[in-house]
Amino acid sequence: MNPAPSLIVALDYDDPAAARRLVDTLPVGRCRLKVGKTLFTRAGPALIEEWTRAGWEVFLDLKFHDIPNTVAGACRAAADLGVWMVNVHALGGPAMLAAARAALDARSGPAPLLTAVTVLTSHDQATLDAIGLRGTPADAVARLTGLATAAGLDGVVCSGEEAAAVRDQAGAGFRRVTPGVRPADAARGDQRRVLTPAGAIQAGATDLVVGRPITEAADPAQAVETLVSEIQLTAAAMDAG
């Protein structure tokens, strides 16, 4: 079964106080929070624990990519923070992905969802050619999705352009976390492979990551409500039709 679609707010801040002010304006339960490298490096695990205690579901987006033992330890540490989702980078390879899965499966309590980054949404064909990754972005996503499914992960991070192919490859229950989502009137920023919220859901995404259209909005809470409504209406229309 396809997971219920959700909105994840990307807290791309380098000032923890600004991130707290933004989160204080948002409705708990209507969206989830994504904490990446900059904010985590500034604020550390205490901020994650603060938000999880307040009832927020947090996606810890640190894209762990290291030797298997190190990544396993990092996943255990993330789980101890009570996060909803943690991710690794699929380019770490089969042994690393398996170690991450095993580390979370060995926990006695609830474990976070484990997803793997495939190809960053800032990458295009020219980028893949430059780094020597063969094939198109879609080819690379398919190969890396295969590694993630073989290791028993819960989903991948991919662009909306590849979400339907990932669903067809890995099954409807396999999560497709999609960054680079922008309302039609929003700037693309540094993303290259982007879709609108409705377009991403229609393309097969399950979890939509949205940053600046919310964090830079005059009324962030209203921006969340508008996006959630668009996501839910699109999903309902697809289910009905």
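Quick note: structure is the one above.
The residue numbering used here restarts from 1 in each chain and proceeds along that chain's sequence as written. For this predicted model, a pLDDT threshold of at least 70 governs which residues receive local features, and a threshold of 80 or more governs which side-chain atom pairs are given and counted, while totals over whole chains, interfaces and linings are taken from all residues. Based on all heavy atoms of the structure, the side-chain values leave hydrogens and waters out of the count.

Trainee: When you look at the pattern of salt bridges in this model, what are you seeing that I'm missing?
Mentor: Salt-bridge detection follows one rule: a side-chain nitrogen of Lys or Arg within 4 Å of a carboxyl oxygen of Asp or Glu. Inspection of every chain in the model, using the stated rule, returns 12 salt bridges. Of the charged contacts, one joins R107 and D80 as a salt bridge, the two residues approaching to 2.7 Å between their closest N and O atoms. In this pair, R107 sits in the loop between helix 5 (94–105) and strand 5 (113–117) while D80 sits in helix 4 (residues 68–80), placing the two residues 27 residues apart along the sequence. Categorising residues by exposure relies on relative accessible area from a 1.4 Å probe, with only protein chains included: less than 20% of the type maximum marks a residue as buried, more than 50% marks it as exposed, and the intermediate range marks it as partly exposed. Residue classification places R107 among the partly exposed residues on the basis of a relative accessible area of 24%. One salt bridge connects R167 with D168, and the closest N-O pair in it is separated by 3.5 Å. R167 gets classed as partly exposed once you look at its relative accessible area, which sits at 28%. When salt bridges with common partners are traced through the structure, they connect D12, K34, D61 and K63 into a single cluster. Helix and strand definitions follow DSSP, with helices as H or I runs of at least four residues and strands as E runs of at least two, each counted in order from the N terminus.

Trainee: Explain the sheet that holds strand 2 (residues 32–35) to me, please; I cannot follow it from the model alone.
Mentor: Pairing between sheet strands relies on hydrogen bonds along the backbone, with the strands arranged either parallel or antiparallel. By the convention used here, strands pair only if DSSP detects at least 2 bridges between them. Read around the closed barrel, the eight strands follow the order 1-2-3-4-5-6-7-8; overall the barrel is parallel. Across the sheet, the mean angle separating the axes of adjacent strands is 25° when strand polarity is ignored. Two elements, strand 1 (residues 6–10) and strand 2, share three bridges in a ladder whose sense is parallel. Looking at strand 2, one finds that A10 is bridged to K34. The sheet strands contacting helix 4 are strand 3 (58–64), strand 4 (85–89) and strand 5, and the helix crosses strand 3 at an angle near 170°. Relative to the sheet, helix 11 (residues 220–240) contacts strand 1 and strand 8 (207–210), its axis offset from that of strand 1 by approximately 145°. Axes here refer to lines fitted to C-alpha atoms; in helices the fit is confined to the stretch in contact. Angles between the N-to-C directions go from 0 to 180 degrees. Residue contacts follow a heavy-atom distance rule, with two residues in contact if any of their heavy atoms lie within 4.5 Å.

Trainee: Honestly, helix 3 (residues 45–53) in this entry has me stumped. Any pointers?
Mentor: Structurally, the α-helix is built with 3.6 residues per turn, so residues lying three or four positions apart point the same way. Burial in helix 3 covers these residues: L47, I48, W51 and T52. End-on, the buried residues of helix 3 take up no more than an arc of 130°, which puts them together on one face. Downstream of helix 3 by a residue or two, G55 has a phi angle that is positive, lying close to 100°. The directions considered for the arc are those from the helix axis to the C-beta atoms.

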